[in-house]
Amino acid sequence: MNMRLIPTSMLLCAWLAASGEDAEIRVDPAGPAQPVTRTLTGACIEDVNHEIYGGIDSQMLFGESFQEPALSPPLKDIQVFGGQWQLIDGGVMGRNTGTGPRLISTTAPAAAGRAGVDIRFPEGGGGNAALLFNVGAQGDIGADQFDGYEIGLHPGGGFTVGRHHHDYHELAQVPCTVSPGAWIRLEVRFSDSDFEVFVDGKSLFTYRDKNPLPPGTVGLRIWDRAAEFRTWWRATGGVRQELPIAYESAKPDWRQSGVSGMWRGISVDSASGAFAEVTEGPFAGKRSQRMTFFAGTGAVGIENRGLHRNGLFLRAGKSYEGFVLLRAAATLPAIAVALQNGDGTQTVAEVRINATQGTVMQSASVAAGWKRYAFTLTPSAEVRSGRFAILLREPGTVEVGYAFLQPGEWGRYKGLPVRKDVVE
């Protein structure tokens, strides 16, 4: 097989496209380059699976275009693993995030009993919504980062039965009527190694696992779609226990609502505000980020800590370059970008965005109103697990469509937007 290596000039084109400028890439499959031996091995340099952690791009931020849905405020007696969950009358709606987000009850493990939930699909389409039981060891956010059994309803017809052991094995596909718009009552009765599945009170499937999972708790999960859940319960020892879904606090912290998933809301001193996603004329994709500073003193903002939110390593005395894409209904309020330590108690670099120096984005693919503001930050001290912050310093509202941060030329290969350490 002949393969063509991707030159760094193509990576530059990708960077220009992300910045909103017109870019063009041409591929000539008729002209094979150097043949590659079948015995050659190497490492993928995409950031999709992070074989080279963080990828080859010089971009230090993750979630830079705010496409991840906002995280939900903490729920009472429920562990939340990804996704966007919104309370509805008597239950909760989980929105499509594509990575199998789940809610796991903190009730004690049970070896035998019953569990159930009512599920409704607002519309047809693919994906499923599932009841989990015998849920044991938990990993992090991710499709199969847990142990447990899954009964997944599919809108338009049937359910699948699966087994997770930090992986996934489908055990069966069972046909039945699952009508979008209708509430479907799903129940499972389980013992040490056997379980039976009921849909709307009718027994449709039984299974005996020769290598059963240990006792666990129960959970809910969505895959590649939106779904609603209500009347979630579990019964052990003949006693039924309702599992209400409610916020941990009667009045959730406003900083925990409306912020894109890879970012977090922050406030300084007495400042109060709000965050929300913008779906009308976003800079890229489906959404951008809105920040509002209502009253008080200090600042309202958002912060990003890089890949998996593990923290940014910031070198003292070394420059970092970047830009933000901002949009405001009127005059841009006082806004700054900063480099800080992980909890924001130390700011090692901060610059005020000059409202008069924004470059209007003039691309047919970009909605009106977006301007690009460049900056340079030089940390006064080394920070091993830091963060990048965008801060409103006075009352007002601003929308953020994209954020970019990279090392100065000292940390890039020949000035290109690629990591020097990886390329070398």
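All of these numbers come straight from a predicted model, not from anything done at the bench.

Parameters at a glance
Residues numbered from 1 in each chain as written. Predicted model: local features only at pLDDT ≥ 70, side-chain atom pairs only at ≥ 80, totals over all residues. Heavy atoms only, no water. 1 Å grid on protein atoms, 1.4 Å probe; cavity = no way out; pocket = protein on both sides within 12 Å on 5 of 7 lines; lining within 4 Å. Points joined across faces, edges and corners; volume = space filled by probe spheres on them. Helix = DSSP H or I, 4+ residues; strand = E, 2+ residues; numbered from the N terminus. Nonpolar A, V, L, I, M, F, W, Y, C, P; charged D, E, K, R; others polar. Buried < 20%, exposed > 50% of the residue type's maximum accessible area, 1.4 Å probe, protein only. Core = buried A, V, L, I, M, F, W, Y, C linked by side-chain atoms within 4.5 Å. Contact = heavy atoms within 4.5 Å. Pairing = 2+ DSSP bridges. Salt bridge = Lys/Arg side-chain N within 4 Å of Asp/Glu carboxyl O. Axes fitted to C-alpha atoms, helices over the stretch in contact; angles between N-to-C directions. Polar contact = N/O pair within 3.5 Å; in protein donor to acceptor, adjacent residues only side chain to side chain. Phe/Tyr/Trp six-rings, centres within 6.5 Å; stacked < 30°, edge-to-face > 60°.

J.: Quick question: what am I supposed to make of the layout of surface pockets here?
T.: One simple way to see leftover space: roll a probe sized like a water molecule over the atoms. Its volume calculated, the second largest pocket comes out at about 510 Å³. As for the second largest pocket, its lining consists of 21 residues, of which Met60, Phe313, Pro407, Arg419 and Asp421 are closest to the centre. Listed by contribution, the elements that provide at least two residues to the lining of the second largest pocket are strand 20 (312-314) and helix 2 (420-423). For the lining of the second largest pocket, the per-class residue count stands at nine nonpolar, seven polar and five charged.

J.: In this structure, what is going on with unusual backbone geometry? I would like to understand it.
T.: Negative phi is the rule for most residues except glycine; trans is the rule for most peptide bonds. With phi around 65°, Phe66 is a residue other than glycine that occupies positive phi space. Mapped onto the secondary structure, Phe66 falls in the loop between helix 1 (8-18) and strand 1 (78-81). For Phe66, a relative accessible area of 1% puts it in the buried group. A positive phi angle, near 50°, is found at Asp200, a position not held by glycine. Secondary-structure assignment places Asp200 in the loop between strand 11 (194-199) and strand 12 (202-208).

J.: Hey, could you run me through the nonpolar core in this one?
T.: In summary, soluble globular proteins display a tendency toward joint burial of nonpolar side chains. Core analysis: the largest hydrophobic core is formed by 38 residues, its most contacted members being Phe159, Phe195, Phe229 and Trp232. The dominant element in this core, judged by the number of residues it contributes, is strand 10 (residues 183-190), at four residues. Not counting chain neighbours up to four residues away, the residues in contact with Phe159 comprise Ile151, Gly152, Leu153, His154, Ala172, Gln173, Val174, Cys176, Val197, Val199, Leu204 and Phe205. Judged by nonpolar contacts, the second largest core, of 37 residues, contains Met291, Ile335, Tyr373 and Leu392.

J.: For this particular structure, what's the right way to read the sheet that holds strand 27 (residues 396-407)?
T.: Strand pairing within a sheet occurs via backbone hydrogen bonds; the two strands may be parallel or antiparallel. Read from one edge of the open sheet, six strands run 17-18-27-21-25-24, paired in antiparallel fashion. Where the open sheet ends on each side, the last strands, each with one partner, are strand 17 (272-278) and strand 24 (359-360).

J.: Would you mind going over the pattern of salt bridges with me for this structure?
T.: Opposite charge on two side chains allows them to pair when their charged atoms are near. Scanning all chains against the criterion turns up 19 salt bridges. A salt bridge links Arg163 to Asp209, with the shortest nitrogen-to-oxygen separation between them at 2.9 Å. On the criterion of sequence distance, the pair formed by Arg163 in strand 8 (residues 159-165) and Asp209 in the loop between strand 12 and strand 13 (217-223) is long-range, its members being 46 residues apart. Note that Glu382 is salt-bridged to Arg384, the shortest N-O span being 3.4 Å. Looking at Arg384, the relative accessible area reads 63%, which means it is exposed. Residues participating in the shared-partner salt-bridge network are Glu303, Arg305, Arg309 and Arg387.

J.: What am I meant to see in the environment of Gly298 here?
T.: Here Gly298 lies in strand 19 (residues 298-304). Along the primary structure Gly298 and Arg384 are separated by 86 residues, whereas in three dimensions their C-alpha atoms are 25 Å apart. Residues in contact with Gly298, not counting those within four places in the same chain, are Val268, Asp269, Ala271, Phe293, Leu392 and Arg393.

J.: Help me understand the sheet that holds strand 8 in this model?
T.: Sheet architecture is open: seven strands sit in the order 1-4-13-6-7-8-9, paired in antiparallel fashion. Because the sheet does not close on itself, it has two edges, and the strands there are strand 1 and strand 9 (168-174). Averaged over neighbouring strand pairs, the angle between their axes works out to 20° when direction is ignored. With three bridges connecting them, strand 4 (residues 102-105) and strand 13 associate as antiparallel partners. Following the sheet pairing, Arg102 is matched in strand 13 by Arg221.

J.: Is there a simple way to explain the side chain of Gln59 in this structure?
T.: Assignment of secondary structure puts Gln59 in the loop between helix 1 and strand 1. One polar contact links the side chain of Gln59 to the main-chain amide nitrogen of Leu405, over a distance of 3.1 Å.

J.: Would you mind showing me how to read the packing of aromatic side chains here?
T.: Any two aromatic rings considered together are summarised by their centre-to-centre distance and by the angle between their planes. Per the counting criterion, the structure on display carries 16 aromatic pairs. Judged by centre distance (5.5 Å) and plane angle (40°), the ring pair of Phe195 and Tyr207 falls under tilted. Taken as a pair, Phe195 in strand 11 and Tyr207 in strand 12 lie far apart in primary sequence, twelve residues in all. On the basis of relative accessibility, which here comes to 4%, the residue Phe195 falls in the buried class. Plain terms: the ring middles of Phe205 and Tyr207 are 6.2 Å apart, the flat faces sit at 15° to each other, and that makes the pair stacked. On the basis of relative accessible area, Tyr207 is assigned to the partly exposed category, the value being 25%. Within the aromatic cluster, the residues linked to one another by ring pairs are Phe133, Tyr149, Phe190, Phe195, Phe205 and Tyr207.

J.: What exactly am I supposed to notice about the pairing of strand 13 here?
T.: Successive residues of a regular strand alternate their side chains across the two faces of the sheet. Burial runs high along strand 13: six of the seven residues are buried. The pairing of strand 6 (residues 128-135) with strand 13 spans six bridges and is classified as antiparallel. Looking at strand 13, one finds that Ala130 is bridged to Arg221.

J.: Teacher, can you tell me more about the pairing of strand 19 here?
T.: The element strand 19 is largely enclosed, with a buried count of six among its seven residues. Bridging between strand 16 (residues 263-269) and strand 19 involves seven bridges; their strand directions are antiparallel. Its bridge partner being in strand 19, Ile266 is matched across the sheet by Gly301. With five bridges connecting them, strand 19 and strand 26 (residues 383-392) associate as antiparallel partners. Directly across from Ile302, in strand 26, lies its bridge partner Ile390.

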